[in-house]
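Reading the structure
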Amino acid sequence: PDQSLVAKKPVRIAWHKRILDRKKPSKSLRSWNGTSELQRRGIETPKVVAYFEHKDSKKVLDNWFICEHANTHLSVRSFFIPFANGEEMVEGFTFAIFSEQLIEFIRKMHWKGVYFRDLSGGNVLIRIEDNNRLAFSLIDTARARFANQKFSRNKRIADLKRLVHKLDPQRQEYFMEAYLKKESAYFTSFHKLSFKLYALKASLKRMKRKARKRFTS
């Protein structure tokens, strides 16, 4: 009675994904594998409970992934959006202190050979501990890739593009410089250009989704 579960099922799969992913495991099995591997590597994520899939591989929407509920309403997105809007404190944390703790978690994840590939602000959940420390937890793990060593810097920066997307350019630069400083590297003009191109790509995707919704409604 005092516990909750989350059950997830794909609602739609784009036609090109049906072609490109036809030989891949179901999304629920990929979520099970990704979450289980994060647990093995000591990265916090809601614990797996079960997955189910249809015996007929053509029924690509008939699969379910079940895990424990993270029991929090906070995420990186719920911090980054107020910071981007100019707020100095969010939930009692300044941007500098929040960034320091988040970078510590992301570096731990990357150094344990995780290339998450879907590191959006909504997929990094947060709990505020009694000692005023932040505990981070990853969800939506189906796209994650794993290795026995850290991935290349380019791949790790690709992870971070999605994570800091909701921040304004100045705070993006602050965050990336703080992350790269840990390995004596710099946030270069080439990196900044790639972040701008990612923002343009994300904006075009939003416009496409809105157009699709208007068309279907």
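Everything that follows concerns the structure shown earlier in this document.
Presented here is an overview of the structure given in this document. The model shown is predicted, which means the values in this text are computed figures rather than measured ones. (Residues numbered from 1 in each chain as written. Predicted model: local features only at pLDDT ≥ 70, side-chain atom pairs only at ≥ 80, totals over all residues. Heavy atoms only, no water.)

**Focus: the packing of helix H4 (residues 95–111) against helix H6 (residues 169–181)**
Between H4 and H6, the least distance of the axes is 10 Å, while the angle of their chain directions is 50°. Classified by the interaxial angle, the pair formed by H4 and H6 is oblique. Crossing of H4 over H6 shows right-handed handedness. On the side of H4, the interface is formed by Phe95, Ala96, Ser99, Leu102, Ile103, Ile106, Arg107, His110 and Trp111, while H6 contributes Arg171, Tyr174, Phe175, Ala178 and Tyr179. Residue composition of the contact of H4 with H6, by class: 10 nonpolar, two polar and two charged. (Axes fitted to C-alpha atoms, helices over the stretch in contact; angles between N-to-C directions. Helix = DSSP H or I, 4+ residues; strand = E, 2+ residues; numbered from the N terminus. Parallel < 35°, antiparallel > 145°, perpendicular 65-115°, else oblique. Left-handed = near helix turned anticlockwise from the far one by under 90°. Contact = heavy atoms within 4.5 Å. Nonpolar A, V, L, I, M, F, W, Y, C, P; charged D, E, K, R; others polar.)

**Notes on a nonpolar patch on the surface**
A contiguous nonpolar surface patch, about 510 Å² in accessible area, is contributed by Leu193, Leu197, Leu200, Leu204 and Met207. By the secondary structure assignment, Leu200 is in helix H7 (residues 189–216). (Patch = residues over 30% accessible without salt bridge, like charges linked within 9 Å, V, L, I, M, F, W, Y side chains within 5 Å. Areas by Shrake-Rupley, 256 points an atom, 1.4 Å probe, with all protein chains shown as cover. Salt bridge = Lys/Arg side-chain N within 4 Å of Asp/Glu carboxyl O.)

**Structural notes on unusual backbone geometry**
The phi dihedral of Glu91 is positive, around 55°, even though this residue is not glycine. Assignment of secondary structure puts Glu91 in the loop between strand E5 (89–90) and strand E6 (93–94). On the basis of relative accessible area, Glu91 is assigned to the partly exposed category, the value being 47%. (Buried < 20%, exposed > 50% of the residue type's maximum accessible area, 1.4 Å probe, protein only.)

**Considerations on the side chain of Gln172**
You can see Gln172 is positioned in helix H6. Judged by relative accessible area, Gln172 falls into the buried class, the value being 14%.

**Brief notes about the packing of aromatic side chains**
The relative placement of two aromatic rings is captured by the distance of their centres and the angle of their planes. Counting across every chain of the model gives 13 aromatic pairs. Arranged with centres 5.8 Å apart and planes meeting at 55°, the rings of Trp32 and Tyr51 form a pair that is tilted. Of this pair, Trp32 sits in helix H2 (residues 27–40) while Tyr51 sits in strand E2 (residues 48–53), and the two are 19 residues apart along the sequence. Residue class for Tyr51 comes out partly exposed when judged on its relative accessible area of 29%. Members of the aromatic cluster, joined through ring pairs, are Phe79, Phe80, Phe83, Phe93, Phe95, Phe98, Phe105, Phe136, Tyr174 and Phe175. Across the ring face of Trp111, the terminal group of Arg107 is positioned such that the distance to the ring centre comes to 4.5 Å. Directly above the ring of Phe95 sits Arg171, whose terminal nitrogen or CZ lies 5.9 Å from the centroid. (Phe/Tyr/Trp six-rings, centres within 6.5 Å; stacked < 30°, edge-to-face > 60°. Lys NZ or Arg CZ within 6 Å of the ring centre and 35° of its normal.)

The analysis is restricted to geometry; functional conclusions fall outside its scope.
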